[in-house]
Amino acid sequence: MEFHGNCKRVFQEEDLRQIFLLTVEVLQEFSRREHLSAQMSSVFQRYLALANQVLSWNFLPPNLGRHYIAMFESSQNVLLKPTESWREALLDSRVMELFFTVHRKIREDSDMAQDSLQCLAQLASLHGPIFPDEGSQVDYLAHFIEGLLNTINGIEIEDSEAVGISSIISNLITVFPRNVLTAIPSELFSSFVSCLTHLTCSFGRSAALEEVLDKDDMVYMEAYDRLLESWLTLVQDDKHFHKGFFTQHAVQVFNSYIQCHLAAPDGTRNLTANGVASREEEEISELQEDDRDQFSDQLASVGMLGRIAAEHCIPLLTSLLEERVTRLHGQLQRRQQQLLASPASGSADSKVLDDLYEDIHWLILVTGYLLADDTQGETPLIPPEIMEYSIKHSSEVDINTTLQILGSPGEKASSIPGYNRTDSVIRLLSAVLRVSEVESRAIRADLTHLLSPQMGKDIVWFLKRWAKTYLLVDEKLYDQISVPFSTAFGADTEGSQWIVGYLLQKVLSNLSVCSSEQDLANDTVQLLVTLVERRERANLVIQCESWWNLAKQFASRSPPLNFLSSPVQRTLMKALVLGGFAHMDAETKQQYWTEVLQPLQQRFLRVINQENFPQMCQQEEVKQEITATLEALCGIAEATQVDNVAILFNFLMDFLTNCIGLMEVYKNTPETVNLIIEVFVEVAHKQICYLGESKAMNLYEACLTLLRVYSRNNVGRQRADAPAEEEEQYQDLLLIMELLTNLLSKEFIDFSDTDEVFRGQEPGPAANRSVSAADVVLYGVNLILPLMSQDLLKFPTLCNQYYKLITFICEIFPEKIPQLPEDLFKSLMYSLELGMTSMSSEVCQLCLEALTPLAEQCAKAQETDSPLFLATRHFLKLVFDMLVLQKHNTEMTTAAGEAFYTLVCLHQAEYSELVETLLSSQQDPVIYQRLADAFNKLTASSTPPVLDRKQKMAFLKSLEEFMANVGGLLCVK
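Every value quoted in this text rests on a predicted model; they were computed, and no experiment measured them. (Residues numbered from 1 in each chain as written. Predicted model: local features only at pLDDT ≥ 70, side-chain atom pairs only at ≥ 80, totals over all residues. Heavy atoms only, no water.)

J.: Outline the overall build of the protein chain, supporting the account with residue identities and numerical values.
T.: Broken down by element type, the protein chain carries 45 helices and zero strands. For the C-alpha atoms alone, the extent of the protein chain along its principal axes is close to 105 × 95 × 55 Å. Counting only residues that meet the buried cut, the protein chain has 53% of its 973 residues in that class. Of the contacts made within the protein chain by residues no fewer than 6 positions apart, 77% connect residues no fewer than 24 positions apart. Surface accessibility of the protein chain: about 44,600 Å² in total, with carbon and sulfur atoms responsible for 49%. (Helix = DSSP H or I, 4+ residues; strand = E, 2+ residues; numbered from the N terminus. Buried < 20%, exposed > 50% of the residue type's maximum accessible area, 1.4 Å probe, protein only. Contact = heavy atoms within 4.5 Å. Areas by Shrake-Rupley, 256 points an atom, 1.4 Å probe, with all protein chains shown as cover.)

J.: Just give me the short version of unusual backbone geometry, but keep the residues and values in it.
T.: A cis geometry characterises the amide bond from A264 onward to P265, with omega recorded as 10°. Along the polypeptide, P265 turns up in the loop between α13 (247–260) and α14 (291–294). That bond from P559 to P560 is cis: its omega, 0°, falls within 30 degrees of zero. For D446, which is not glycine, the phi torsion reads 60° and is therefore positive. Tracing the sequence through the fold places D446 in the loop between α20 (424–444) and α21 (453–470).

J.: I'd like a rundown of a negative patch on the surface, residues and numbers included.
T.: A cluster of acidic residues, E211, D214, D216 and D217, forms a negative patch at the surface. Along the chain, the position of E211 falls in helix α11 (residues 186–213). Its relative accessible area of 35% is what places E211 among the partly exposed residues. (Patch = residues over 30% accessible without salt bridge, like charges linked within 9 Å, V, L, I, M, F, W, Y side chains within 5 Å. Salt bridge = Lys/Arg side-chain N within 4 Å of Asp/Glu carboxyl O. Lys, Arg positive; Asp, Glu negative; His and termini not counted. Charge placed at Lys NZ, Arg CZ, Asp CG, Glu CD.)

J.: Report on helix α19 (residues 399–406), specifying residues and quantitative values.
T.: Along α19, the residues that are buried comprise T401, T402, I405 and L406. End-on, the buried residues of α19 take up no more than an arc of 140°, which puts them together on one face. For α19, the secondary structure elements touched by its buried residues are α20, α22 (483–489) and α23 (494–513). Of the residues flanking the start of α19, the one acting as N-cap is D398, its side-chain oxygen 3.0 Å from the backbone nitrogen of N400. (Arc of directions from axis to C-beta. Polar contact = N/O pair within 3.5 Å; in protein donor to acceptor, adjacent residues only side chain to side chain.)

J.: Just give me the short version of the domain arrangement of the protein chain, but keep the residues and values in it.
T.: Annotation of the protein chain at the domain level lists domain 1 (290–340 + 348–491) and domain 2 (788–971). Here the C-alpha centroids of domain 1 and domain 2 sit 62 Å apart. (Domains from an automatic or database assignment.)

J.: Let's hear about the nonpolar core: which residues, and what values?
T.: Counting 328 residues, the largest nonpolar core has W547 and L848 as its most contacted members. A domain-level breakdown of this core finds at least three residues from each of domain 1 (290–340 + 348–491) and domain 2 (788–971). What W547 contacts, discounting residues up to four positions off in sequence, is L504, L528, V532, V541, I542, A575, L576, G579 and Y592. (Core = buried A, V, L, I, M, F, W, Y, C linked by side-chain atoms within 4.5 Å.)

J.: How would you sum up the side chain of S440? Please name residues and give values.
T.: Along the chain, S440 falls in helix α20. Here S440 falls in the buried class, since its relative accessible area comes to 4%. Among all residues touching S440, those that are not within four sequence positions of it are K506 and S509.

J.: Give me the lowdown on the packing of aromatic side chains, citing residues and values where you can.
T.: Two aromatic rings, taken as a pair, are described by how far apart their centres are and by the angle between their planes. Applying the stated rule across the entire model yields 38 aromatic pairs. With a centroid separation of 5.9 Å and 5° between ring planes, the pair formed by W466 and Y470 is classed as stacked. With W466 and Y470 both in helix α21, this residue pair falls four residues apart, about one helical turn. Taken as a pair, W466 and Y470 share a single burial class, namely buried. Between F581 and W593, the aromatic rings sit 5.0 Å apart at their centres with planes inclined by 55°, giving tilted as the arrangement. Here W593 lies in helix α28 (residues 586–596) and F581 lies in the loop between α27 (566–579) and α28, a separation of twelve residues in the sequence. Both residues of the pair, F581 and W593, count as buried. An aromatic cluster is defined as three or more aromatic residues linked by ring pairs; in this entry it consists of F880, F900, Y901, Y911, F935, F955 and F962. A cation over a ring is seen here: R465 above Y369, with NZ or CZ 4.1 Å from the ring centre. (Phe/Tyr/Trp six-rings, centres within 6.5 Å; stacked < 30°, edge-to-face > 60°. Lys NZ or Arg CZ within 6 Å of the ring centre and 35° of its normal.)

J.: I'd love a proper account of the state of the cysteines, names of residues and values included.
T.: The bond known as a disulfide is covalent and runs between the sulfur atoms of two cysteines. Enumeration according to the criterion identifies zero disulfides in this entry. Free cysteine C858: the closest other cysteine sulfur is in C810, separated by 12 Å. Here C858 falls in the buried class, since its relative accessible area comes to 4%. (Disulfide = S-S within 2.5 Å.)

J.: So, α13: which residues are in play, and what are the values?
T.: Helix length check: α13, at 14 residues, gives a terminal C-alpha distance of 20 Å against a target of 20 Å (1.5 Å per residue), a fit within 8%. Every buried residue belonging to α13 is among H249, A250, V251, V253, F254, S256, Y257, I258 and C260, and all of these are buried. (Expected span 1.5 Å × (residues − 1).)

J.: So, the confidence of the model for the protein chain: which residues are in play, and what are the values?
T.: Here the protein chain shows a mean pLDDT of 88. Residues at 70 or above account for 91%. At the low end of the mean pLDDT range in the protein chain sits helix α36 (residues 754–758), at 46; at the high end sits α13, at 97. Of the regions scoring below 50 in pLDDT, residues 65–74 engages in 22 contacts with residues more than four places distant in sequence or in other chains. Under a pLDDT of 50 for its full length, residues 762–768 has, in the predicted model, eight contacts with residues more than four places off or in other chains. (pLDDT = per-residue confidence, 0-100.)

J.: Which residues make up the environment of Q118, and what values go with them?
T.: With respect to the helices and strands, Q118 occurs in helix α7 (residues 110–123). Since its relative accessible area comes to 31%, Q118 is described here as partly exposed. Between the alpha carbons of Q118 and K476 there is a distance of 50 Å; along the sequence they are 358 residues apart. Excluding anything up to four places from it in sequence, Q118 contacts N52 and S56.

J.: Account for the pattern of salt bridges, naming residues and giving values.
T.: On inspection of all chains with the given rule, the structure shows 39 salt bridges. Across the salt bridge formed by E29 and R32, the nearest N and O atoms sit 3.4 Å from each other. Note that E29 and R32 are positioned in helix α2 (residues 15–32) at a spacing of three residues, about one turn of the helix. With its nearest N and O atoms 3.5 Å apart, the salt bridge here joins E29 to R33.

J.: Please provide a residue-by-residue account of the packing of helix α17 (residues 350–371) against α20, values included.
T.: For the pair α17 and α20, the least separation of the axes is 11 Å and the interaxial angle reads 145°. Here α17 runs over α20; the crossing is left-handed. Seen from α17, the contacting residues are I360, I364, T367 and L371; seen from α20, they are V425, L428, V432 and V435. (Axes fitted to C-alpha atoms, helices over the stretch in contact; angles between N-to-C directions. Left-handed = near helix turned anticlockwise from the far one by under 90°.)

J.: Explain the environment of G244 to me, and be specific about the residues and the numbers.
T.: Note that G244 resides in the loop between α12 (219–235) and α13. Note on G244: relative accessible area 44%, which makes it partly exposed.

See below:
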């Protein structure tokens, strides 16, 4: 690798530079000519492509270590970072001007334009030691931007140019340091930002048009995304640009985005280029990603621009939403009157309603992204721009009127006296609540068939996102807090109590009608989880009577909740359990658990304890009851937190024992078996890290019993439908691997504090039971090994998961491997050999990584007659053959080298024997001598080899030279 690096450095310093200078000369000659023949055009195109190759060269910096060379060479997105010797060739302003001239000349030829734009994009990413000082960088950047503006301004951009131009701008903004960008003449920088604004708006309109025409090649969409990312880089830098610097530009980009997503006359959605309405929209595919996910990056950028220009964007969104919700209300009322007058009347206004729904859809998405961030695993905070905007105007706000508008979603905001003196952010929230209220009233009026499920999803998605950030705002997290915010939805306020009640009613309203709309039901229960996952919010939720009604209704499995899909019921159970840990007195808490968990237990026991249960178990009603219980158990496990694990673990353990009995009863019903295993997976995943020794032992034993039953029911079993059987077993084994990995995690993620978590329920250390997670997992591996057929290992996911688990065990508990029962030990060694010889390179690497700790364990134990010692001797030959006699992926050389060195340390005599045997088989004296010299060099740095890190590193370096010298010499195809 170092030899390759040195060759590359010599080439890039001399020959590559000469090639580039020659290419530039040829391009200059061609650019002076007015007309080119077809033959000359072809030659011109070849030289332009060559220039692109040179400028896209991944320049190796001097003094880069061998490990970094491989990493450096594999990087995909190459920026132009030549060495100092290229200064004269690339900093000559005529070179840059030449490429702009070339592009202007050939821009209508889409193939050649790709190369010329890529050359310019690479020149726009120029950085590193080629610049002697900051001044030269500023001059280069200013010159480049002038050339770019002269090229773009006054022309109509071709479709084929959009992505290239966006790449050039993106590189300029992301590669050049901000202090260099601000040091160019201010007029030039202003022109550049204005050009960026114009292009962003223009590409945004073209991207919307591409969507309408459903084009396969979305060039403008890609270009638009890149420009929005560039905006994000600029506007988030408040160190180099004063506040308000980008406000007007942000307003233009934001307005353009909104306009592209609204129907005529306010917007241009679904209008073709000449302003004519497009063909009817096709049915949306079930597989199509939701807009909020598909366009999440775009929406995040537009939301950020909206915050920068909050003074304009928040009132704009409010007025657009308020106007549309008023029209929607009017339309639904009109349709209701038509239906009352003539129940058979058609859907004459569906186009009007569809347009309104689509407008509201996009307005709610943009509002959601503007008001809040999607923070995974972090505490969501109100964006500082929104907080500052609210604080700035708080002196003009009448709090009472603001609260009145917030608490009157059934009224038009403009019908409330003094409506203009309200907090703008709260009024925008009120506009969404009004959409929600119109939907809820339509449901109550039996107009559900006229509503848009998509709008329903948008509303609860927005409310969940908003509630996570704003509801019961924690004032300690902010330097300053807006008085309207703390009054309307702070802790201990009527506003927050009202909103919690309102959101809960919304959840109930949706769940009563959306059993057929799974996505809507799912978003709705996610909102419910948000309301109870923080203790402060849950304390308000449990004060609402409707929460208790929901708990009773769900526990009794009465309609419509029992019609909800299994994943939704699981999440609903999780929410109900989380709610039970809100602050309540002991009596109320006992009553709550009696109403939520007890019915689950009672019904389950009643079903499984019937004398004729084995005969009835396949009846649809019984199966539904069992499935619903298993889904609920998964939901309960998902609700585990450190302060509720004691109650939930004890409750779940009672079920786990019964679940093992169900494995016997439902052994011929794969989907039920799968769900039972999933319950164990969830319990182990969520609870194992909190359990003390005794409780962990209980879980280990339950898991072992489960695995025994599963193994007994499946080993050697044949079914008529072989492919279906394989698919079912694949799903089961994947879950079992996950279960074993979750149990194994106990050894290195352990939060258990016996006294704290289980408060005296935990007995002392389990007498005579020193079973570790590793013992359980190894036993589990033993049970599933007979099921892991060659055919099943053809499933890549299952195969990788299996070998990851084995490697995991070998790395963490190598001392356990020699103690395994003989059959299990042999199966494990066979699995490693199979993985090294017959599986993918990824699996082979995992097996090699498992060998090193096993050989080190052998060296520690110094037992030369143990089965592990004998097995490692066999693996020495396998690894030796792999490195010397077989073609292998070079990425595996390090893992193979580490395993090889450790095995050589352990079996020095056997290694010498392998080398002698190989040499004695060589007929050709030249090859014999070359091999002999290479082997001598290989071990020269580590004679005799010992388990020492320094010696190992020297050996690995020698091995690389060995592979470069004789690798492939003896490879057998």
